[in-house]
Amino acid sequence: MNRSQLTGAQTLRWVSERGIFLFTAALVTFAALFIDGFVSIVNITDVFHRAAPIGIVAVGMTFVVISGNYLDLSVVAQVATAAVVLIAVSNSAGLGPAVLAALAIALVYGVVNGVAVGYLRANAVIVTLSTTFVGLGILRWLSGGSIFFGPPDGPIRALGQVKVVGLPLSALVLVVMTALLAFLLGRTNFGFLVRSFGSNRTATRLAGVDTSRVVVGAFLITSLSAMVAGFVLAAFSNTAVSTMAQGFDFGALAAIIIGGTSVFGGKGSVLRTLLGVIFVSVLTNILVLSNIGFGWQQMAIGALIVLAVSLDTLARKAARR
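What this report covers is the structure whose coordinates are included nearby. (Residues numbered from 1 in each chain as written. Predicted model: local features only at pLDDT ≥ 70, side-chain atom pairs only at ≥ 80, totals over all residues. Heavy atoms only, no water.)

**Some remarks on the overall build of the chain**
Here comes step 1: Of the regular secondary structure elements, the chain holds 13 helices and 4 strands.
Here comes step 2: Over its C-alpha trace the chain gives a radius of gyration of 20 Å, about what one expects of a compact globule, namely 20 Å for 321 residues.
Here comes step 3: In terms of its C-alpha atoms, the chain occupies a principal-axis envelope of roughly 70 × 55 × 35 Å.
Here comes step 4: When burial is assessed residue by residue, the chain has 49% of its 321 residues classed as buried. (Helix = DSSP H or I, 4+ residues; strand = E, 2+ residues; numbered from the N terminus. Rg over C-alpha atoms; globule rule 2.2 N^0.38 Å. Buried < 20%, exposed > 50% of the residue type's maximum accessible area, 1.4 Å probe, protein only.)

**Some words on the nonpolar core**
Here comes step 1: Ranked by size, the top nonpolar core spans 87 residues in total, and within it V57, M61, F63 and V79 carry the most contacts.
Here comes step 2: If one sorts the elements of this core by residue count, helix α10 (residues 211-237) sits on top with 14 residues.
Here comes step 3: Setting aside anything within four residues of it in sequence, one finds F63 in contact with L181, L184, L185, F190, V194, A218, I221 and V270. (Core = buried A, V, L, I, M, F, W, Y, C linked by side-chain atoms within 4.5 Å. Contact = heavy atoms within 4.5 Å.)

**Describing the packing of helix α7 (residues 169-187) against helix α8 (residues 189-199)**
Here comes step 1: Put simply, α7 and α8 touch, their axes get as near as 5 Å, and they point 70° apart. Here α8 runs roughly perpendicular to α7, going by the angle between their axes. For the pair formed by α7 and α8, the contact residues are L184, L185 and G186 on the first element and F190, G191, F192, V194 and R195 on the second.
Here comes step 2: Across the contact of α7 with α8, the residue classes break down as 5 nonpolar, 2 polar and 1 charged. (Axes fitted to C-alpha atoms, helices over the stretch in contact; angles between N-to-C directions. Parallel < 35°, antiparallel > 145°, perpendicular 65-115°, else oblique. Nonpolar A, V, L, I, M, F, W, Y, C, P; charged D, E, K, R; others polar.)

**Some details on the packing of aromatic side chains**
Here comes step 1: Considering all chains together, one arrives at 2 aromatic pairs under this definition.
Here comes step 2: When the centroid spacing of 5.3 Å and the interplanar angle of 40° are considered together, the rings of F30 and F34 count as tilted. Of this pair, F30 and F34 both sit in helix α1 (residues 3-34), separated by 4 residues, roughly a single helical turn.
Here comes step 3: Of the residues examined, F34 reaches a relative accessible area of 58% and is grouped as exposed.
Here comes step 4: A centroid spacing of 6.3 Å and a plane angle of 15° characterise the contact between F63 and F190, whose relative ring orientation is stacked. Here the residue F63 occupies a position in helix α2 (residues 41-66), and F190 occupies one in helix α8, the gap between them amounting to 127 residues.
Here comes step 5: Judged by relative accessible area, which is 22%, F190 ranks as partly exposed. (Phe/Tyr/Trp six-rings, centres within 6.5 Å; stacked < 30°, edge-to-face > 60°.)

**A short note on the environment of A101**
Here comes step 1: The residue A101 is located in helix α4 (residues 95-119) in this model.
Here comes step 2: A101 sits in the partly exposed class, given a relative accessible area of 26%.
Here comes step 3: Sequence separation between A101 and V85 is 16 residues, and the spatial gap between their C-alpha atoms is 7.1 Å.

**Concerning the pattern of salt bridges**
Here comes step 1: Evaluation of the coordinates by the stated rule reveals 1 salt bridge.
Here comes step 2: Taking the shortest distance from any N to any O, the salt bridge between D46 and R50 comes out at 2.9 Å. With D46 and R50 both in helix α2 and 4 residues apart, this pair spans about one turn of that helix.
Here comes step 3: Looking at D46, the relative accessible area reads 27%, which means it is partly exposed.
Here comes step 4: With relative accessibility at 54%, the residue R50 sits in the exposed group. (Salt bridge = Lys/Arg side-chain N within 4 Å of Asp/Glu carboxyl O.)

**What to know about α7**
Here comes step 1: Spanning 19 residues, α7 covers 26 Å between terminal C-alpha atoms, matching the ideal 27 Å at 1.5 Å per step.
Here comes step 2: All of the buried residues along α7 are S170, A171, L174, M177, T178, L181 and L185. Buried residues along α7 cover an arc of 120° about the axis, so they all sit on one side. Opposite the buried face of α7, at more than 90 degrees from it, the exposed residues are L180, F183 and R187.
Here comes step 3: Where α7 is buried, its residues touch α2, β3 (167-168), α8, α10 and α12 (270-289). (Expected span 1.5 Å × (residues − 1). Arc of directions from axis to C-beta.)

Shown next as structure tokens:
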């Protein structure tokens, strides 16, 4: 490889892995300078409020993507189930039992997905798509498709209205979840094994690692994050219904990929996923404030995903030359 090729490969790799820092800063600066209404307490609060649930799902799903298992489509069912269980059970039995019930369901999702993919070597997309349909089917059957409302003076409503330094509690939850999961991925043996398995499955297995347990762990983290996101979503509106998390799978995946985590596994970070969440949220907000329709918003996000995946693919090919 000559010097120009080496420089080109290094540039592609930098843009693929680190460009999200520069792009996010540039987008926020552009919005602050040229978009009317962007720099206001009401708008900034709304951006964080709406970004938090999907952001929490995304930072958790990052583990599954880095481990090389692509994604967890069942987060749609998991988030909705956690929200419905939180409000429905707390209305009849109290907040404590509701949280425990939601936690038990999250663990079941994580174990079922993880065992099927990790131990049985089933395709992750097929498995999680199946658990999505099963989970939503059970939820709709038990709930009758009803909308559940929390008491207007209840603890869930109160949590949804809490603000810290002017920002909603949901934003603080997103920051805390990001910090915890970033530490887990970057500073623990488990995080090292997740990245190692995503980079080279054969070598990780030959090293004597129980890779199936690593996969189960990655899916459990995704499920617990989806549960927290469901709680935040329920507190946001003090309501819950089985259809409330539609699109969360695509939204989380968009943030992960745009943040620079490779769909091929082994490369990525929780912090870059958070930046991907912020980038997508700010871009969507810019389009809304500019009165650009939802269809154009979808096309913009889709184009960004194609661009991010293409850059990652080109960077990998250049690195192998």
